[in-house]
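These are the residues of each chain, in order.
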2 protein chains.
Amino acid sequence: MHIILLSGGSGKRLWPLSNDVRSKQFIKIFKKEDGTYESMVQRMYRQIRTVDPDATVTVATSKSQISALRNQIGEDVSISLEPCRRDTFPAIALATSYLHDVEKIGEDEAVVVCPVDPYVEKDYFVALRDLSDLADKGTANLCLMGMQPTYPSEKYGYIIPENRDPVSKVLEFREKPDAKTAADYIARGALWNGGIFAYRIGYVLNKAHELMDFEDYDDLFSKYESVQKISFDYAVAEKEPSIAVMRFSGSWKDMGTWNTLTEAMEEPVIGNGTLNETCENTNIINELDVPVLGMGLKNIVVAASPEGILVSDKEQSSYIKPYVDRMHQQVMFAEKSWGSYTVLDVESTSMTILVTLLPGHHMNYHSHERRDEIWNIISGTGRTIVDGMEQKACAGDVITMQAGCRHTIIADENSPIRLIEVQIGKDISVKDKTKYSLELS
Amino acid sequence: MHIILLSGGSGKRLWPLSNDVRSKQFIKIFKKEDGTYESMVQRMYRQIRTVDPDATVTVATSKSQISALRNQIGEDVSISLEPCRRDTFPAIALATSYLHDVEKIGEDEAVVVCPVDPYVEKDYFVALRDLSDLADKGTANLCLMGMQPTYPSEKYGYIIPENRDPVSKVLEFREKPDAKTAADYIARGALWNGGIFAYRIGYVLNKAHELMDFEDYDDLFSKYESVQKISFDYAVAEKEPSIAVMRFSGSWKDMGTWNTLTEAMEEPVIGNGTLNETCENTNIINELDVPVLGMGLKNIVVAASPEGILVSDKEQSSYIKPYVDRMHQQVMFAEKSWGSYTVLDVESTSMTILVTLLPGHHMNYHSHERRDEIWNIISGTGRTIVDGMEQKACAGDVITMQAGCRHTIIADENSPIRLIEVQIGKDISVKDKTKYSLELS
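Everything quoted here is computed from the prediction, not taken from an experiment.

Rules used in this analysis
- Numbers given for residues are sequential positions, taken from 1 along each chain in its written order.
- Chain letters start at A and ligand numbers start at 1, both assigned in the order the entries are written.
- This being a predicted model, a pLDDT of at least 70 is required before a residue's local features are given, and a value of 80 or more before pairs of side-chain atoms are given or counted; all residues contribute to the totals for chains, interfaces and linings.
- Side-chain metrics in this entry use all non-hydrogen atoms of the structure; hydrogen atoms and water are not considered.
- A run of H or I in DSSP becomes a helix once it reaches four residues, and a run of E becomes a strand once it reaches two; helices and strands are each numbered from the N terminus.
- A least-squares superposition brings the copies together, and it is based on the C-alpha atoms of residues with pLDDT no lower than 70 in both.
- The contact definition used throughout considers only heavy atoms, calling two residues in contact when any of these lie within 4.5 Å.
- Orientation is described by lines fitted to C-alpha atoms, with helices fitted over the stretch in contact, and by angles between N-to-C directions that extend from 0 to 180 degrees.
- Note on angle classes: values under 35 degrees are labelled roughly parallel, values over 145 roughly antiparallel, values of 65 to 115 roughly perpendicular, and the remainder oblique.
- By the definition used in this description, the sense in which the near helix is turned from the far one sets the handedness, with an anticlockwise turn below a right angle giving left-handed and a clockwise turn giving right-handed.
- By the convention adopted, Pro, Cys, Tyr, Trp, Phe, Met, Ile, Leu, Val and Ala count as nonpolar, Lys, Arg, Asp and Glu as charged, and the other residues, Gly among them, as polar.
- Residues forming no salt bridge and having over 30% relative accessible area are the ones grouped into patches, like charges within 9 Å of each other and nonpolar side chains (Val, Leu, Ile, Met, Phe, Trp, Tyr) within 5 Å.
- Accessible areas in this description were obtained via Shrake-Rupley with a 1.4 Å probe; residue shielding takes into account the shown protein chains only.
- We define a salt bridge as a side-chain nitrogen of Lys or Arg found within 4 Å of a carboxyl oxygen belonging to Asp or Glu.
- Two residue types count as positive, namely Lys and Arg, and two as negative, namely Asp and Glu; His and chain ends fall outside the count.
- A charged residue contributes its charge at one atom only: NZ of Lys, CZ of Arg, CG of Asp or CD of Glu.
- The term buried area refers to how much accessible surface (probe radius 1.4 Å) is lost by two components on association, counted for both of them together.
- Each polar contact in these results corresponds to two N or O atoms within 3.5 Å; when the atoms are within protein, one needs to be able to donate a hydrogen and the other to accept it, and residues that are neighboring in sequence are counted only if both atoms are side-chain atoms.
- The pairing criterion for strands is at least two bridges between them, as found by DSSP.
- Only protein chains enter the accessibility calculation, which uses a 1.4 Å probe. A residue is then buried if its area is under 20% of the maximum for its type, exposed if over 50%, and partly exposed in between.
- Scored from 0 to 100, pLDDT reflects the predictor's confidence in each residue.
- Aromatic rings from Phe, Tyr and Trp, taking only the six-membered ring of Trp, are treated as a pair when their centres fall within 6.5 Å; an angle between ring planes under 30 degrees marks them as stacked, one over 60 as edge-to-face, and anything in between as tilted.
- Note on criteria: charge over ring means Lys NZ or Arg CZ within 6 Å of the ring centre, with the direction from the centre no more than 35 degrees off the ring normal.

This part is about unusual backbone geometry. Residues and elements named next belong to chain A. With an omega of 5 degrees, the peptide bond between tryptophan 15 and proline 16 qualifies as cis. You can see proline 16 is positioned in the loop between strand S1 (2–6) and strand S2 (30–31). With phi around 60 degrees, asparagine 299 is a residue other than glycine that occupies positive phi space. Along the chain, asparagine 299 turns up in the loop between strand S17 (292–295) and strand S18 (300–305).

It takes a turn of 180 degrees to lay chain A on chain B, together with a shift of 0.0 Å along the axis; the resulting RMSD is 0.1 Å. What the superposition gives is, in effect, a two-fold axis relating one chain to the other. Rotation axis and chain A: the residue whose C-alpha lies nearest the axis is A:Leu344, separated from it by 2.9 Å. With an isologous cut-off of 70% or more, the 100% of interface residues of chain A that recur at the interface of chain B puts this contact in the isologous class.

Residue and element names in this part refer to chain A. Direction vectors running N to C along helix H3 (residues 88–101) and helix H6 (residues 201–211) enclose 125 degrees, while the axes themselves pass 9 Å from each other. Here H6 runs oblique to H3, going by the angle between their axes. The hand of the H3/H6 crossing is left-handed. Each of Phe89, Ile92, Ala93, Thr96, Ser97, Leu99 and His100 in H3 lies in contact with H6, whose residues at this interface are Ile201, Val204, Leu205, Lys207, Ala208 and Leu211. Looking at the contact of H3 with H6 residue by residue, the classes come out as nine nonpolar, three polar and one charged.

So, on to the packing of helix H1 (residues 40–51) of chain B against helix H4 (residues 122–136) of chain B. Residue and element names in this part refer to chain B. Direction vectors running N to C along H1 and H4 enclose 60 degrees, while the axes themselves pass 9 Å from each other. It follows that H1 is oblique to H4 by the angle criterion. By crossing handedness, the relation of H1 to H4 is classed as right-handed. Side by side, H1 and H4 meet where Met44, Gln47, Ile48, Thr50 and Val51 of the first sit next to Lys122, Tyr124, Phe125, Val126 and Arg129 of the second. Looking at the contact of H1 with H4, its residues break down into six nonpolar, two polar and two charged.

In this section: a negative patch on the surface. A grouping of A:Glu107, A:Asp108, A:Glu109, A:Asp130, A:Asp133 and A:Asp136 is seen on the molecular surface, where their side chains present a negatively charged patch. Along the polypeptide, A:Asp133 turns up in helix H4 (residues 122–136).

With 50 residues of chain A at the interface, the matching set in chain B holds 51 residues. Carbon and sulfur atoms supply 68% of the area that chain A and chain B bury against each other, a total of about 3900 Å² over both sides. Contact with chain B buries surface across chain A, with A:Leu293, A:Met295 and A:Ile309 losing the most and accounting together for 18% of the total. Across the pair B:Arg418 and A:Glu347 runs a salt bridge, and its minimum N-O distance is 2.5 Å. On inspection of chain A and its partner chain B, the count reaches 19 residue pairs in polar contact (both at pLDDT 80 or more). Of all the secondary-structure elements, those providing two or more residues to the side of chain A that touches chain B are S17, S18, strand S19 (308–313), strand S21 (339–346), strand S22 (350–357), strand S24 (372–379), strand S27 (398–401) and strand S29 (417–424) of chain A. Ranked by residue count, the leading element in the side of chain A that touches chain B is S19(A), at six residues. Here the side of chain A that touches chain B is composed, by residue class, of 29 nonpolar, 15 polar and six charged.

What follows concerns the sheet that holds strand S22 (residues 350–357) of chain B. All names here are of chain B. One open sheet holds the six strands; their spatial order is S20-S21-S22-S29-S24-S27, and the pairing between them is antiparallel. Each edge of the sheet is formed by a strand with only one pairing partner; in this case those strands are strand S20 (333–336) and strand S27 (398–401). Strand after strand, the sheet turns through a mean of 20 degrees between neighbouring axes, direction not considered. Packed on one face of the sheet, helix H2 (residues 66–73) meets S20 and strand S21 (339–346) and runs near 70 degrees to S20.

As a further point, take the pairing of strand S9 (residues 157–161) of chain A. Residues and elements named next belong to chain A. Summarising burial for S9: five of the five residues are buried, a large majority. The alternating pattern of S9 places Gly157, Ile159 and Pro161 and Tyr158 and Ile160 on opposite faces, both of which are buried. Sheet topology note: the S9/strand S11 (residues 191–200) ladder contains three bridges and is antiparallel. Following the sheet pairing, tyrosine 158 is matched in S11 by tryptophan 192. By the bridge criterion, four bridges tie S9 to strand S10 (residues 167–174) in an arrangement that is antiparallel. Residue tyrosine 158 lies in a different strand from S10, and its bridge partner there is arginine 174. Connecting S9 to the antiparallel partner S10 that follows it, the hairpin turn spans five residues.

Take the confidence of the model for chain A next. Taken over all residues, the pLDDT of chain A has a mean of 93, while the share at 70 or more is 99%. Under the prediction, the complex receives an ipTM of 0.82, its pTM being 0.82.

Counted under the stated rule, the structure contains 30 aromatic pairs over all chains. Summarising the aromatic geometry, the rings of B:Tyr124 and B:Phe248 are spaced 5.8 Å apart at their centres and angled 75 degrees between planes, so their arrangement reads as edge-to-face. Here the residue B:Tyr124 occupies a position in helix H4, and B:Phe248 occupies one in strand S12 (residues 243–248), the gap between them amounting to 124 residues. Here B:Phe248 falls in the buried class, since its relative accessible area comes to 6%. Site record: aromatic cluster; members linked through ring pairs are A:Phe89, A:Phe197, A:Tyr199 and A:Phe232. Geometry around A:Tyr234 places A:Lys239 over its ring, the cationic atom sitting 4.4 Å from the centre.

So, on to the pattern of salt bridges. By the definition in use, this model includes 36 salt bridges over all chains. Ionic pairing is found between B:Glu38 and B:Arg46, a salt bridge with its closest N-O pair at 2.6 Å. For B:Glu75, the salt bridge is made with B:Arg70, and the minimal N-O distance between the two is 3.6 Å. Residue classification places B:Glu75 among the exposed positions, given a relative accessible area of 64%. Connected through salt bridges with shared partners, the residues A:Lys12, A:Lys321 and A:Asp325 form a single ionic network.

Our next topic: the environment of A:Leu354. Topologically, A:Leu354 is positioned in strand S22. Counting along the chain gives 125 residues from A:Leu354 to A:Lys229, while the straight-line C-alpha distance between them is 40 Å. With near-sequence residues (within four places) excluded, A:Leu354 lies in contact with A:Ser340, A:Tyr341, A:Thr342, A:Leu344, A:Ile378, A:Arg418, A:Leu419, A:Ile420, B:Asp345 and B:Glu347.

Take the pairing of strand S19 (residues 308–313) of chain B next. Counting buried positions along S19(B) gives six out of six residues, so the element sits mostly inside the fold. Burial along S19(B) is two-sided: B:Gly308, B:Leu310 and B:Ser312 facing one way and B:Ile309, B:Val311 and B:Asp313 facing the other are all buried. Looking at chain direction, S17(A) and S19(B) are connected through four bridges and run parallel. The residue of S19(B) that forms the bridge with A:Met295 is B:Ser312. Two elements, strand S18 (residues 300–305) of chain B and S19(B), share six bridges in a ladder whose sense is antiparallel. What sits directly across from B:Val301, in S19(B), is B:Ser312. Linking two consecutive strands that pair antiparallel, namely S18(B) and S19(B), is a turn of two residues.

This paragraph deals with the side chain of B:Asp117. Residues and elements named next belong to chain B. Its location among the elements puts aspartate 117 in the loop between strand S6 (110–115) and strand S7 (118–120). Judged by relative accessible area, which is 18%, aspartate 117 ranks as buried. Engagement of the side chain of aspartate 117 in a polar contact is seen with the side chain of lysine 24, the distance being 3.3 Å. Those residues within four positions of aspartate 117 in sequence are excluded, and the remaining contacts are Lys24, Met40, Lys253 and Met255.

Residues and elements named next belong to chain B. Within the secondary structure, aspartate 432 sits in the loop between strand S29 (417–424) and strand S30 (434–436). Buried and unpaired, aspartate 432 has no salt bridge, with arginine 371 as the nearest side chain of opposite charge at 4.4 Å. At a separation of 2.7 Å, a polar atom in the side chain of aspartate 432 contacts the main-chain amide nitrogen of glutamate 369.

To continue, consider the environment of B:Val167. All names here are of chain B. Considering the arrangement of structural elements, one finds valine 167 in strand S10 (residues 167–174). When its relative accessible area of 32% is taken as the criterion, valine 167 is described as partly exposed. Between the C-alpha atom of valine 167 and that of alanine 110, which follows or precedes it by 57 residues, the distance is 17 Å. For valine 167, the residues in contact, after removing those within four places along its chain, are Leu134, Ala244, Val245 and Met246.

Here it is in structure tokens:
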């Protein structure tokens, strides 16, 4: 099967574990059998591979997520890069033409589109494969997966089917209703619209050419900023007469808030944390090294990361966004394709960060205009290149780089490198960076 | 007036703001008129100076608190150092002989002893002066201050006076009672015993010589480890027939738990923190740079420091001690006589700290057996001495020191220095330190 995973959103609702550079799908919060933790995107990718080892997986996402994606699921997936945010129809059209023009997948083949962030089990992916088969057989131009509602929710759109068969024709779509209307819909057999659907590639390509003026993938990519913002539902689904919906009644949880996310946690505490025996329905998620102690807490979530600390009543946590919007905060932790960094100290004319390079990986060869940097290697082995000069590097080595000087560090194949980088300058900014190409021997 | 302030205790009940090296009296939590914050010890010292600018203040404390005391109240107080913990009678006897033998205060002069950690107002110090005057006049051998009870507390000892006069003879002492008995005591005019008393120096010196075999202050200091542990109440107060008690009904709050401490906070949030409008009776005390956000919290205290994060129901917070005892944690922040340090990163073979040197101050001249160190100066100016060689130091300078190498850094008179110290070695420990004398030019 061919899957397009839509990976979007800045995920402020899960602050402080998500932020402008780390979306919620990258938070490592789900316990694996081996006791380590994986993120939503890692979990979903692993599940897809379990059900269909040969699936082609394409992630449609923005530039800001590429480093984290590569860090977490490696080079094994294709990425359809959205040059900017243009709503779901252009994003799906771009990814579909990427599959056709770059991956050379035929127009008659089916593709499944689904968001990367629901919390699901294996049966979900079996259903996705069935959905792909439905589209493949030409059952309808568009084949949706409809979620069996568990309560009259006001936060989903509803799909009204012709009947209650496992697969039926769609009569109409309804926007998010109030609870009473939702109950009426459910009584009529309606399903939640989870944004999961399948189609033959040629179908969406034709729609795309009808609505946008472009030749092929490269052309659409280059014009992407000028295309109209429009949702897939509005541009395609709501106008299409030939739509089928397949019922899904397995487990499917939206992980949009701390309230729903903590429900999916297998244990109350992740990271260094303790809850005393008088706590009830309380979770700690602690990404810091220092301990968190909770005493006498009821229905509370405590989340701590290098970005900040949230202590919230679980119900209240869904109202977090405006508070986070007001913060305008320094990014304190980021996953990059080559590793990660954590900010340790910020002063008016200096910043100190801890850098971890994955084995065999290296930073871009780059320079800064307005700051000097000092690398204090604290563990691992590798080599540095500074203004073209290569040197071996190991724990205890100190490398000083004046502003303007080009530099990179390369970790040996079998050794991660950790270093303390001290930046000194009057105007320290992540934007102050010039990249250069480099031929590595 | 002569005052002995008893400054003791590791203060685990106020974790994570107090710890093994920082007792609760050093937490800067009380807002001053200029908007900055002061600690209990700074507040008390300032209040004493307001009421009696000529008071001689002697702090009886242990070695672990000297650095923080000097950092917070400077060189203006005397310190009577307790070589080890030997309960209150030896501590008071040692401080009293210090006043007599070192400070040369006469045997007929009165001295007031009080703990450093209650939260009080100016009237308390006016009362202390009255108490000192009572002892001075020879009203009784021992003059106590008794606190007018505000409820039948089970956590204080009670003083039973002869009558309800402002000053009266003490009939007897009673240990912490249950609430019903406490109510009976209060009905009889009893007072809380706050551990505040005055006496003539000669009185306690005589008692000390009766109970301990020593010549003078130096002799007692050198023998201190071998003297018996015994409380002042047991050794002196409970056996003394001539005791007067002076009633005090002004403000006097015990700051022993987060519950009582937060009551004394002028505003709900100290540091970088936000409470949404659905929070009630909730406090944030945040010593970290990153924001704390509280939502929908009732009767909660959130305290965050480099040592850890506490989130507790206020009532429950009094049960914190066993949880903190179990932590055995790395000290992450310490105030020293020359400045302070914060631990930024701890790895198996390295540790990174941020060091702040106060203007004109310097570290001990010292070396380490088992670790190399690198100083990255991030701001300020001064000079380093490394194996006897002196060099100027300013922002951007890097100084590398191999294990065994002697080193110090001296901040210029008008400039604090901040530096990132990277320690590298297999067995990093605060105990691995050899100090050397150094003549500074």
